[in-house]
Amino acid sequence: MNPESTPTPAMARVPAALFVDYDNLVRQAPEVDIAGVAQGTVPFSAILAHLVQYRGYDIGIRRAYGDFNYHSRDAVQRGGVYDPRILRSRIQTDIEVQRRLLEDAFEMILSPPHGQAVKNRADILISIDILEVATTYPRVQRFCIASGDSDFTPAVQRIKALGKQVTVIAYP
């Protein structure tokens, strides 16, 4: 039997932290409905359920970084012309995403686009926080990074050097 498909007993839970690169994941989200989540959004509850049930993680630190108004901002910025019905739908999607993150006890770290260097802003914040948690909270032994790029390779190498385990979550 595949060890990742076998539920882990509640007593064996390992302290963990989850860091989500929201902007990166939402841009790569499949164009299909996953587990009842709106098209083009990320199924955070499904990610959490998998980590808790099948990996045995007790995720005490849950942080998501990014522009949580991504869908509505994207609708407005496409050529400066927008259909009010599309914008209304995008705003509703943004509100739903934020509601789901709060329901799943995520701390939302706002990193809106600013100037020319918008791509790596959240990545830098995540890397700093990962290293801070790794050195400040010795009980946390597992680190989960949900992102779609390799920008966190140096942080992952440092965490592993500290004897911690790292799980990376990305769309294929």
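Residues numbered from 1 in each chain as written. Predicted model: local features only at pLDDT ≥ 70, side-chain atom pairs only at ≥ 80, totals over all residues. Heavy atoms only, no water.

**Quick look at the pairing of strand β1 (residues 14–21)**
Walk down a regular strand and you will see the side chains alternate between the two sheet faces. What counts is decided by this rule: Burial here depends on accessible area, computed with a 1.4 Å probe over protein chains only, as a share of the maximum for the residue type. Under 20% is buried, over 50% is exposed, and the range in between is partly exposed. Strands are runs of DSSP state E lasting at least two residues, helices are runs of H or I lasting at least four, and both sets are numbered from the N terminus onward. If DSSP finds at least two bridges between two strands, the strands pair.
With eight of eight residues buried, β1 is to be regarded as a mostly interior element. Neither face of β1 is exposed, since V14, A16, L18 and V20 on one face and P15, A17, F19 and D21 on the opposite face are all buried. With eight bridges connecting them, β1 and strand β2 (residues 57–66) associate as parallel partners. Paired with F19 across the two strands is R63, which belongs to β2. One ladder, built from five bridges, connects β1 with strand β4 (residues 142–146); its direction is parallel. Note on β4: the bridge partner recorded for A17 is F143.

**Observations regarding the confidence of the model for the protein**
As a reminder, the rule being used: Every residue gets a pLDDT, meaning the predictor's confidence in that residue, from 0 to 100. Note on definitions: a residue-residue contact is assigned when non-hydrogen atoms from the two residues lie within 4.5 Å.
Confidence in the prediction of the protein, expressed as mean pLDDT, is 79, and 71% of residues score 70 or more. Low pLDDT, under 50, characterises residues 31–37; the stretch is placed with eight contacts to residues that sit more than four places away or in other chains.

**Observations concerning helix α2 (residues 44–53)**
Heads up, the rule is: Arc definition: it is the arc formed by the directions from the helix axis to the C-beta atoms.
Within the sequence span of α2, burial applies to F44, I47, L48 and L51. All buried residues of α2 fall inside an arc of 95° around its axis, so they share one side.

**Side note on the environment of P15**
Residue position: P15 is located in strand β1. The buried category is assigned to P15, whose relative accessible area is 18%. In sequence terms P15 and D58 are 43 residues apart; their C-alpha atoms lie 4.8 Å from each other. When sequence neighbours within four positions are dropped, the list of residues in contact with P15 reads D58, R139, V140, Q141 and R142.

**Topic: the nonpolar core**
For clarity, the cut-off: Take the buried Ala, Val, Leu, Ile, Met, Phe, Trp, Tyr and Cys residues and link them wherever side-chain atoms come within 4.5 Å; each set so joined is a nonpolar core.
Core analysis: the largest hydrophobic core is formed by 20 residues, its most contacted members being L18, V20, F44, L51, I59, L101 and F106. Among the elements of the structure, β1, α1 (22–28), α2, β2, α4 (84–103) and β4 are those that each provide at least two residues to this core. No other element matches the four residues that α2 contributes to this core. Leaving out residues up to four positions away in the same chain, L101 has contacts with F44, A64, F68, F106 and M108. Residues A17, Y65, A134 and V140 belong to the second largest nonpolar core, which totals 15 residues.

**A short note on helix α6 (residues 153–161)**
Regarding α6, the residues found buried are A155, V156 and I159. Burial along α6 is one-sided: seen end-on, the buried residues are contained in an arc of 100°. Counted as exposed and oriented over 90 degrees from the buried face of α6: P154, Q157, R158, K160 and A161. Along its buried surface, α6 packs onto α5 (121–136), β4 and β5 (165–169). Directly beyond the C-terminal end of α6, a positive phi value near 85° is found at G163.

**Overview of the sheet that holds β4**
Operational definition: In this analysis an axis means a line fitted to C-alpha atoms, helices contributing only their contacting stretch, and an angle means the value between N-to-C directions, from 0 to 180 degrees.
The sheet built from five strands is open, its strands ordered β3-β2-β1-β4-β5 with parallel pairing. In this open sheet, the two strands that pair with only one neighbour each are β3 (107–110) and β5. Neighbour-to-neighbour, the strand axes of this sheet turn through a mean angle of 20°, independent of strand direction. As paired elements, β2 and β3 share four bridges and run parallel to each other. Considered in β3, the bridge of R63 is made with E107.

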